[in-house]
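Each chain, written out:
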Amino acid sequence: MTTTEHAVELAGLRHVFAGRGRGRRAVRDVEAVANVDLTVRPGEFVSIVGPSGCGKSTVLKAIAGLLRPTAGTVRVWGEPVTGPRRDIGIALQDATLLPWRDVMFNCLFPVELHGKVADEDRERVSGLLERAGLAGFESRRPKELSGGMRQRVAICRALADDPRLLLLDEPFGALDALTREQMNIDLNRVWRETGKTAVLITHGIEEAVLLSTRVVILSERPGTVVEVVTPPFPRERTKELMATPEFAEVCGRVRDRLFAADVGVGG
Amino acid sequence: MTVPPARARAGTAAGWGGLVVVTAVLLAAWQIVPSGVQGDGSSVPKLDATLKALGPSGEWGEYLKALRVTLGEAFLGLLIGLVAGVVLGVLLGESKILRQGVYPYAVALQALPPIALAPIFVIWFGFGMTSKIGLVGAATLFPILVSTMAGVAETDRNRIEMATAFGASRAQIRMRVVFPGLVAPIFSGLEISVVLSFLAAIAGELISANAGVGVILQVYQRDFRLAEEFAVLLILVAVGLALASLVRVARHFVMERMPDE
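Being a predicted model, the structure only gives us computed values, none of them experimental.

## Some points on the overall build of chain B
Scanning chain B from N- to C-terminus turns up 12 helices and 0 strands. Element order for chain B, N to C, with α for helix and β for strand: α-α-α-α-α-α-α-α-α-α-α-α. Per-residue burial over chain B gives 33% buried out of 261 residues. Sequence separation of 24 or more characterises 76% of the internal contacts of chain B that already satisfy a separation of 6 or more.

See below:
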């Protein structure tokens, strides 16, 4: 452990997806992430926004230990990442629940992987489900749930093994605007009440500003950090906040930087 | 999982009305046409003669004895085909080298109609049930093998990535993500194979056997007792439909009550 322990520490992160084949049908090398430096302090909620294909998900996968970056270092709680870690919970755009398991057992999946499921695990999951508005749905199968409910289950699953770091890759990307807003408010509450550190990948500007203590803006591919915006709001975020001029102002700033990043590289 | 929406909709659209009308027309034609054509109804038995052969005065002792033999062969053969198909399907799904090496042989075996294999199986395993069981096993293996193999190979990448992200080992992914996902494809294969099992057992009996549905069909044919022959065919239709729905019910039961682990 280092003395100044960051939740996440990215230094000079670069990743190139190797091409395949030769001649006309060849797939060229793609540099997804050029040079990303980023630290996330314990208890923060950091969103990473950027144009499509700027390597946002690549950054998240590097933190999750799902891919080995071409260059640079990734540290989580001061330790170099060599593979998936037990103290990381992850939720992806697709809820990816296992259809043959009910809600409770879907949530217990990560717990099972690391040992026997204890009563306290069940209690913790029950508490999470209750907080996510899923009390009473413990023994339902995924096909009986709406898209929004499935995503809530996926987030509860991410938190089930009591991880210190929560990674979210556009978990609400496929939901309608109204459901998404409600989920954001709920996620903010879960984050406050559990005291986790969270990293969210999104292309929703309002979503990023609403949820985050810091918003990291990436450039077009290959991604680098162009700016970090700090929304000056208390940790508790509400629907009312979204209607304020301050909120609109911060969103506008993020939007301007995003478009600048977009045009800057293309032109 | 559930019935595919397209099939469910087609079933609703057809409804029962059309089926009732067509059945009535068929039954009427069955009664009238044979007498019109041949008078004595010797080569196509009239409806009432067939119904009589299906009634209490029919040879139910013979029918049931034959059915017991045939169903026994079909069941035991299907069991062999199921176990071998699932085991091979998992192996071929997991290993690319095995798939490249063994799958072409499985396809080649499948190209042989079971009835063409029957004489060899009789030479190898005798006139009794064993040769028919072997034949059924060979015929039912392929659909189960193919659907199991596809199930392994087409496991949702997202599921595997999700499990990997939570730190699952390869063995854990296999036991907790891949294998439970095979129940649905195995049942799809089983739905095809259960029909094939019946077909292969009777095909084998028609070639050479000492008991079974294939045998009594030949006996009735030889004795020109066509009403009984038609009665047996109708029983076969009923049994075939019952077996297919049995598999569907079993599938539903297993999918709904699968233990949550």
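Moving on from the coordinates now.
## With respect to the UniProt feature "transmembrane region" (unreviewed entry) in chain B
All names here are of chain B. Under the present numbering, the feature "transmembrane region" (unreviewed entry) in UniProt falls on residues 12-33, 74-93, 105-127, 133-153, 177-203 and 230-250. Segment residues 105-127 splits into 83% helix and 0% strand. End C-alpha atoms: 27 Å apart. Counted over residues 133-153, helix gives 100% and strand 0%. Its end C-alpha atoms are 30 Å apart.

## Focus: the sheet that holds strand β5 (residues 79-80) of chain A
Residue and element names in this part refer to chain A. Judged by pairing direction, the sheet is mixed, and its 10 strands sit side by side in the order β5-β4-β1-β2-β10-β9-β3-β8-β7-β6 without closing on themselves. The open sheet has two edge strands, β5 and β6 (88-91), and neither has a second partner. Bridge count for strand β2 (residues 30-40) against strand β10 (residues 223-229) is 2 bridges, and the pairing is parallel. Paired with V33 across the bridge in β10 is G223.

## Notes on the environment of E205 of chain B
All names here are of chain B. Mapping E205 onto the fold places it in helix α10 (residues 183-207). For E205, a count of 28 C-beta atoms within 10 Å puts it in the buried group. Each C-alpha atom of the pair E205 and I216 lies 9.5 Å from the other, and the pair is 11 residues apart in sequence. Not counting residues up to four positions away in its chain, the partners in contact with E205 are T70, K132, G212, V213, G214 and V215.

## Notes on the domain arrangement of chain A
Residue and element names in this part refer to chain A. Segmenting chain A into domains produces domain 1 (1-87 + 164-177 + 196-267) and domain 2 (93-163). Here the C-alpha centroids of domain 1 and domain 2 sit 26 Å apart. Contacts between the two partners involve 12 residues from domain 1, matched on the other side by 11 residues from domain 2. Broken down by class, the residue content of the side of domain 1 that touches domain 2 amounts to 6 nonpolar, 1 polar and 5 charged.

## Comments concerning the interface of chain B and chain A
Listed by partner, the interface residues are 15 residues for chain B and 18 residues for chain A. Where the side of chain B that touches chain A is concerned, the elements lending two or more residues are α8 (157-165) and α9 (170-178) of chain B. Among the elements that line the side of chain B that touches chain A, the one with the most residues is α8 of chain B, at 6 residues. Split into classes, the residues belonging to the side of chain B that touches chain A amount to 7 nonpolar, 4 polar and 4 charged.

## Some points on helix α2 (residues 103-113) of chain A
Residues and elements named next belong to chain A. Burial analysis of α2 places 9 of its 11 residues in the buried class, the great majority of the element. Turning to α2, its buried residues are V103, M104, F105, N106, C107, L108, F109, P110 and V111. Here the buried face of α2 lies against α3 (119-131) and α4 (147-160). Just downstream of α2 lies G115, where phi reads positive at about 145°.

## Concerning the nonpolar core
Counting 129 residues, the largest nonpolar core has I63, C107, V153, C156, L167 and V199 of chain A as the members making the most contacts within it. Considering each element in turn, this core owes the most residues, 13 residues, to helix α7 (residues 129-153) of chain B. Leave out the neighbours within four places in its chain, and L167 of chain A touches L60, I63, A64, I88, I90 and V199 of chain A.

## Things to note about the packing of helix α6 (residues 114-125) of chain B against α7 of chain B
Residues and elements named next belong to chain B. In the contact formed by α6 and α7, the axes pass within 8 Å of each other and the chain directions differ by 140°. On the basis of the axis angle, α6 is oblique to α7. In this structure, the crossing between α6 and α7 has a hand that is right-handed. Taking contact as the criterion, the partners of P114, L117, A118, F121, V122, W124 and F125 in α6 are, on α7, T130, S131, G134, L135, A138 and A139. Along the lines of polarity and charge, the residues of the contact of α6 with α7 split into 10 nonpolar, 3 polar and no charged.

## A word on the UniProt feature "domain: ABC transmembrane type-1" (unreviewed entry) in chain B
UniProt tags residues 67-245 of chain B as "domain: ABC transmembrane type-1" (unreviewed entry). Taken end to end, residues 67-245 of chain B has its terminal C-alpha atoms 18 Å apart, with 86% of it in helix and 0% in strand.

## Some words on helix α11 (residues 213-222) of chain B
All names here are of chain B. For α11, the complete set of buried residues consists of V213, G214, V215, I216 and Y220. Those residues of α11 that are buried lie in contact with α4 (60-94), α10 and α12 (226-257). Of the residues one or two after α11, F224 is the one with positive phi, at around 60°.

## Observations regarding the environment of G77 of chain B
Residues and elements named next belong to chain B. In this structure, G77 sits in helix α4. Between the C-alpha atoms of G77 and A138, which are 61 residues apart in sequence, the distance is 8.0 Å. G77 has contacts with K132, I133, L135, V136, G137, T140, S197, A200 and A201, leaving out every residue within four places of it along the chain.

## What about the UniProt feature "domain: ABC transporter" (unreviewed entry) in chain A?
Mapped onto the present numbering, the UniProt feature "domain: ABC transporter" (unreviewed entry) falls at residues 8-245 of chain A. Regarding residues 8-245 of chain A, the helix share stands at 32% and the strand share at 25%, and the terminal C-alpha atoms are separated by 32 Å.

Scoring rules and cut-offs
- Residues numbered from 1 in each chain as written.
- Chains lettered and ligands numbered in written order.
- Predicted model: local features only at pLDDT ≥ 70, side-chain atom pairs only at ≥ 80, totals over all residues.
- Helix = DSSP H or I, 4+ residues; strand = E, 2+ residues; numbered from the N terminus.
- Buried ≥ 20, exposed ≤ 12 C-beta atoms within 10 Å, placed from the backbone.
- Contact = placed C-beta atoms within 7 Å.
- UniProt positions renumbered as here; feature names shortened; annotations may be inferred.
- Pairing = 2+ DSSP bridges.
- Domains from an automatic or database assignment.
- Nonpolar A, V, L, I, M, F, W, Y, C, P; charged D, E, K, R; others polar.
- Core = buried A, V, L, I, M, F, W, Y, C linked by C-beta atoms within 7 Å.
- Axes fitted to C-alpha atoms, helices over the stretch in contact; angles between N-to-C directions.
- Parallel < 35°, antiparallel > 145°, perpendicular 65-115°, else oblique.
- Left-handed = near helix turned anticlockwise from the far one by under 90°.

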